[in-house]
Amino acid sequence: MPHQPALFEAPSPLLQRVERVCRHTLNSEKATATEATIQKEITSILESLSQTPPKELAQSAGSLIPPLFDTISQHHQYYERDNAPLISDSLYDQLRGLYESLADLLMKEGITVPALPVGFTADSTFAPVTHKKPMLSLDNGFNEDDIAKFLERVRKFLGLASHDHVDILCEPKIDGLSFSATFLNGKFVQGATRGDGEVGEDITANLKHVVSFPHHLNTKTPSIPHRLEVRGEVYMSHHDFLLLNQRQEREGKDPFANPRNAAAGSLRQLDSAVTAKRQLRYFVYAVGDYEGISFTTQSDMILQLQQAGFCVNPLNRLCTSLEEMLAFYQDLGEQRSALDYDIDGLVYKVNRLDLQARLGHSTRAPRFAIAHKFPAEQAQTILEDIIVQVGRTGVLTPVAVLKPITVGGVVVSRATLHNQDEINRKDVRIGDTVTIQRAGDVIPQVVRVDLHKRPVGTTHFHLPKHCPICHAEAIREEGEAATRCSGGISCPAQLLEQLRHFVSRDAFDIEGLGEKQITAFFEAGLIHSPADIFTLQQRDTTSETPLRTWEGWGEKSADNLFKAIQDRTTIKLHRFMYALGIRFVGEKGAKLIARHYGSFNRWFEAMQELVHGQGADDLLSIDGIGPKVVDSLTLFFKNKKHISLIAQLGALLTIEDENQIQGNSPLAGKTIVLTGTLTTMTRQEAKARAEALGAKVASAVSAKTDFVVAGSEAGSKLTKAQELGVKVLTEDEWVDVVNS
């Protein structure tokens, strides 16, 4: 991808705005910006793009791709693999829309960009299944204009006149987990998840336990081919979801967040007996690979699949015009809350299969279909109180306590109010009637206040000036939206949240030691420091009330926990760093820093030197690490308690080095800087190739730089390399090195 050096040496305002949007969407405490604010900023960025001359935009668009791609990939993983989305579907779709707008622009200039992920990478605990035909994602439409443009594109591609009508089958878009199922001579032989679209996971045994799923087809149906692969969506009804969560609570287990998460988690069980208890249901909506017969239309295919024994959605409707399609969208939107399953829109498909074949698909989606998303569901209720929670980094978050209301099939009793600015902007008060929405079935939000229903005598709410937990001063720094407790780890609330973060999925990920168990151990006085986790078994042997005697625990469960803790006494440096919960050092930043220093000892020594004013330039030379991260690390290591904790953990754990490259890679351990325009590979690809060979890619040239790779139009970095006597490689020399 062509690269303009100036964009990297002095980030453009547009790049800074895009990076700010990306950071906000990954902010787990959601204290710095609401989704509505982020969505407005994305809309503003798109407007800026539309007003920028094409040539100028093409030059700068390449620098916007990497941060967007990384951010969307992370959110995709949270949704598809972890079933725990951080943001709403609508915000996620907007991010993808921004990326695709930039991608289309660059493709017009002959520049390719990485394709956004589809589905998720198959879990190694399931056998892989390669789809004979890819299971693609769908393009999205959000308003009438988007759907009208879809029909225009279809007619233009097919060479039809504007007055030629195209039959469209409209199908409710089920919010569940996609699957494929293969039948040979009418017998079910294999089931798979969508996975990444190319390779899924074998869930044959689990699909057999889905309610009404056929093990054998009606062979009297003449149109069923010898080989048939159907595709559909597994879901959980609202009724069964409620019963499942009641059972989870009776058994002392965490309830599921929503039916989609419950369905996904239930279908991807290693023990199919668990799936059998979950009452999953399904609809089929398409055929993938088949042999022996052909269908003519989408609607005819669905009818024949139903005759063969499959469940199909009874709400499907064939439309012949845009007006009919939009009327059905409106009608279904009004029925949505009365359905016993979640839908998040309509899918429009060209009905004739021969036209579908002509239209084909792009790298990411079919051209013959589009999803028309519904806006987030909303409901009104009473805001009964506002409480203040304290997060891991000390952020005071106001939370609305609501009169329980069902929104999107889930009972909502609390909603975040984000920060004082958001409370002021919406003028939210205790006693107000408020509109609530669960955008994408994620975090409940207060959308607005109904001022006509405001009781007499309400007063403005202000965050306290002291922490409600430890009573330390609460401070709002200039330029920040968040108010923070100044108590640090002396604050019990912050300490508990830090312990929960320490054992989270991307940190130590100790099986059987989740938030509920950490909270119980913390309240019982067993764990008050991350180091206490690794001495728990030793202390348990001399305890008057050993863990096996606790309610809900036994000999086996206690032993399993101690084994799981022991299994995590060896950990990679970047996961260890991330587990410490240092502000502004997320998973990505921890990896960058860990790769730079290589070993725990080198990193720990460098951080202690940082406190004495040494090594900041070395940190800043890491591509992707900025002044905020350096300041945060400095502040963290100024606290002697943190130094003591890390020393304790270093003695208890085996912290593995990063980038221990085996073999004779010429780049192993070397620091390189890329500058100028590369023509044989994108900058992102060059960086990935270097890191795969054990190199550290820095953003600035220093005396510690081993090589500078200079493409065409290299600027100040090349000049500095020559001044310092750093070896400079041409692009051809660089390609020879990585290929060797």
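This text goes with the structure placed above it.
Notes on the structure follow. Just so it is clear, the model here is predicted, and its values are computed rather than measured.

Definitions and cut-offs
- Residues numbered from 1 in each chain as written.
- Predicted model: local features only at pLDDT ≥ 70, side-chain atom pairs only at ≥ 80, totals over all residues.
- Heavy atoms only, no water.
- Helix = DSSP H or I, 4+ residues; strand = E, 2+ residues; numbered from the N terminus.
- Areas by Shrake-Rupley, 256 points an atom, 1.4 Å probe, with all protein chains shown as cover.
- Pairing = 2+ DSSP bridges.
- Right-handed = clockwise from strand over helix to strand, strands pointing away.
- Buried < 20%, exposed > 50% of the residue type's maximum accessible area, 1.4 Å probe, protein only.
- Contact = heavy atoms within 4.5 Å.
- 1 Å grid on protein atoms, 1.4 Å probe; cavity = no way out; pocket = protein on both sides within 12 Å on 5 of 7 lines; lining within 4 Å.
- Points joined across faces, edges and corners; volume = space filled by probe spheres on them.
- Nonpolar A, V, L, I, M, F, W, Y, C, P; charged D, E, K, R; others polar.
- Phe/Tyr/Trp six-rings, centres within 6.5 Å; stacked < 30°, edge-to-face > 60°.
- Core = buried A, V, L, I, M, F, W, Y, C linked by side-chain atoms within 4.5 Å.
- Axes fitted to C-alpha atoms, helices over the stretch in contact; angles between N-to-C directions.
- Parallel < 35°, antiparallel > 145°, perpendicular 65-115°, else oblique.
- Left-handed = near helix turned anticlockwise from the far one by under 90°.
- Polar contact = N/O pair within 3.5 Å; in protein donor to acceptor, adjacent residues only side chain to side chain.
- Salt bridge = Lys/Arg side-chain N within 4 Å of Asp/Glu carboxyl O.

### Quick notes on the overall build of the protein chain
Step number 1: When helices and strands are counted, the protein chain shows 28 helices and 24 strands.
Step number 2: By element, 50% of the accessible surface of the protein chain is carried by carbon and sulfur atoms, the whole surface being about 34500 Å².

### Focus on the pairing of strand β24 (residues 727–730)
Consecutive side chains along a regular strand alternate between the two faces of the sheet.
Step number 1: Note: strand β23 (residues 707–710) against β24, four bridges, orientation parallel. Looking at β24, one finds that F707 is bridged to K727.
Step number 2: Assessed by its sense of winding, the connection that carries the chain from β23 through helix α27 (residues 716–724) to β24 is right-handed.

### Let's talk about helix α21 (residues 587–597)
Step number 1: Turning to α21, its buried residues are G589, A590, L592, I593, A594, H596 and Y597.
Step number 2: Those residues of α21 that are buried are in contact with α20 (573–579), α22 (600–611), α23 (616–620), α24 (627–638) and β22 (696–698).
Step number 3: Directly after α21, the chain includes G598, whose backbone phi takes a positive value near 85°.

### Considering empty space enclosed by the protein
Step number 1: Here the structure, examined in full by the defined rule, presents seven cavities of 30 Å³ or more.
Step number 2: Around the largest cavity sit K591, L592, R595, H596, I622, K687, E691, A695, K696 and V697, which together line it.
Step number 3: Here the lining of the largest cavity gets four residues from one element, more than from any other, and that element is α21.
Step number 4: Partitioning the lining of the largest cavity into residue classes produces four nonpolar, one polar and five charged.

### What about the packing of aromatic side chains?
By convention here, two paired aromatic rings are described through the distance between centres and the angle between planes.
Step number 1: Under the counting rule described, the total for this entry stands at 26 aromatic pairs.
Step number 2: Pairing F521 with W553 gives two aromatic rings, centres 6.0 Å apart and planes at 35°, and the pair type is tilted. Here F521 is found in helix α16 (residues 515–523), whereas its partner W553 is found in the loop between α18 (536–540) and α19 (555–567), with 32 residues between them in sequence.
Step number 3: Here the aromatic cluster, defined as three or more aromatic residues joined through ring pairs, consists of F179, F183, F188, F213, Y282 and F310.

### With respect to the nonpolar core
General note: in soluble globular proteins, nonpolar side chains tend to be found buried as a group.
Step number 1: The biggest cluster of nonpolar side chains holds 56 residues, and the ones touching the most others in it are I533, F576, I593, W603 and L633.
Step number 2: Looking at this core element by element, the count peaks at six residues for α22.
Step number 3: Ignoring sequence-local partners within four residues, the contact set of L633 consists of I582, V585, I593, M607, L610 and L619.

### Focus: the packing of helix α15 (residues 492–502) against α16
Step number 1: Close contact between α15 and α16 brings their axes to 9 Å; oriented N to C, the two are set at 140°. With respect to α16, the axis of α15 lies oblique. The crossing of α15 and α16 is right-handed. Touching P492, L495, L496, L499 and R500 of α15 are E515, I518, T519 and F522, all from α16.
Step number 2: Across the contact of α15 with α16, the residue classes break down as six nonpolar, one polar and two charged.

### Some words on the pairing of strand β12 (residues 378–390)
Step number 1: One ladder, built from five bridges, connects β12 with strand β15 (residues 433–437); its direction is antiparallel. Bridged to A379 within β15 is I436.
Step number 2: What sits between the antiparallel neighbours β12 and strand β13 (residues 396–407) is a turn of five residues, in which G394 has the positive phi angle 90°.

### With respect to the sheet that holds β22
Step number 1: Strands sit in the order β22-β21-β23-β24 across an open sheet of four strands; the sheet is parallel. At either margin of the open sheet sits one strand with a lone partner, and together these are β22 and β24. For this sheet, the mean inter-axis angle between neighbouring strands, taken without regard to orientation, is 30°.
Step number 2: When strand β21 (residues 671–675) meets β23, the two strands line up parallel, connected through four bridges. Bridged to T675 within β23 is A710.
Step number 3: Sitting on the sheet, α27 touches β21, β23 and β24, and the angle it makes with β21 is about 140°.

### Examining the sheet that holds strand β9 (residues 317–319)
Step number 1: Strands sit in the order β2-β11-β10-β3-β9 across an open sheet of five strands; the sheet is mixed. Strands at the two margins of the open sheet, each flanked by one partner only, are β2 (140–141) and β9.
Step number 2: Two elements, strand β3 (residues 168–174) and β9, share three bridges in a ladder whose sense is antiparallel. Looking at β9, one finds that L169 is bridged to L318.
Step number 3: Packed onto the sheet, helix α6 (residues 144–158) meets β2, β3, β10 (343–350) and β11 (369–373) and runs at close to 175° relative to β11.
Step number 4: Its contacts with the sheet place helix α11 (residues 298–308) against β3 and β10, and it is angled at close to 55° to β3.

### A short note on the side chain of R231
Step number 1: Tracing the backbone through its elements, the reader meets R231 in strand β7 (residues 227–235).
Step number 2: Engagement of the side chain of R231 in a polar contact is seen with the side chain of E229, the distance being 2.7 Å.
Step number 3: Discounting chain neighbours no more than four positions away, the residues touching R231 are H131, K133, P134, M135, F179, S180, V284, Y285, A286 and G288.

### Here's the deal with the pattern of salt bridges
Step number 1: Within the structure shown, the criterion is met by 24 salt bridges.
Step number 2: Sharing partners across several salt bridges, the network here consists of D427, R429, D432 and R454.

### A word on unusual backbone geometry
Step number 1: Phi is positive for H418, which is not a glycine, with a value near 70°.
Step number 2: With respect to the secondary-structure elements, H418 resides in the loop between β14 (410–416) and α14 (420–426).
Step number 3: For H418, a relative accessible area of 6% puts it in the buried group.
Step number 4: The backbone of D509 shows a phi angle near 50°, a positive value even though the residue is not glycine.

### Quick notes on the environment of H460
Step number 1: Looking at the element boundaries, H460 is found in the loop between β16 (445–449) and β17 (474–475).
Step number 2: Spatially, the C-alpha atom of H460 lies 5.9 Å from that of R429, the residues being 31 residues apart in sequence.
Step number 3: Setting aside residues up to four positions removed in sequence, H460 forms contacts with D427 and R429.
Step number 4: A polar atom in the side chain of H460 sits 3.5 Å from the side chain of D427.
Step number 5: Side chain to side chain, H460 and R429 meet in a polar contact 3.2 Å long.

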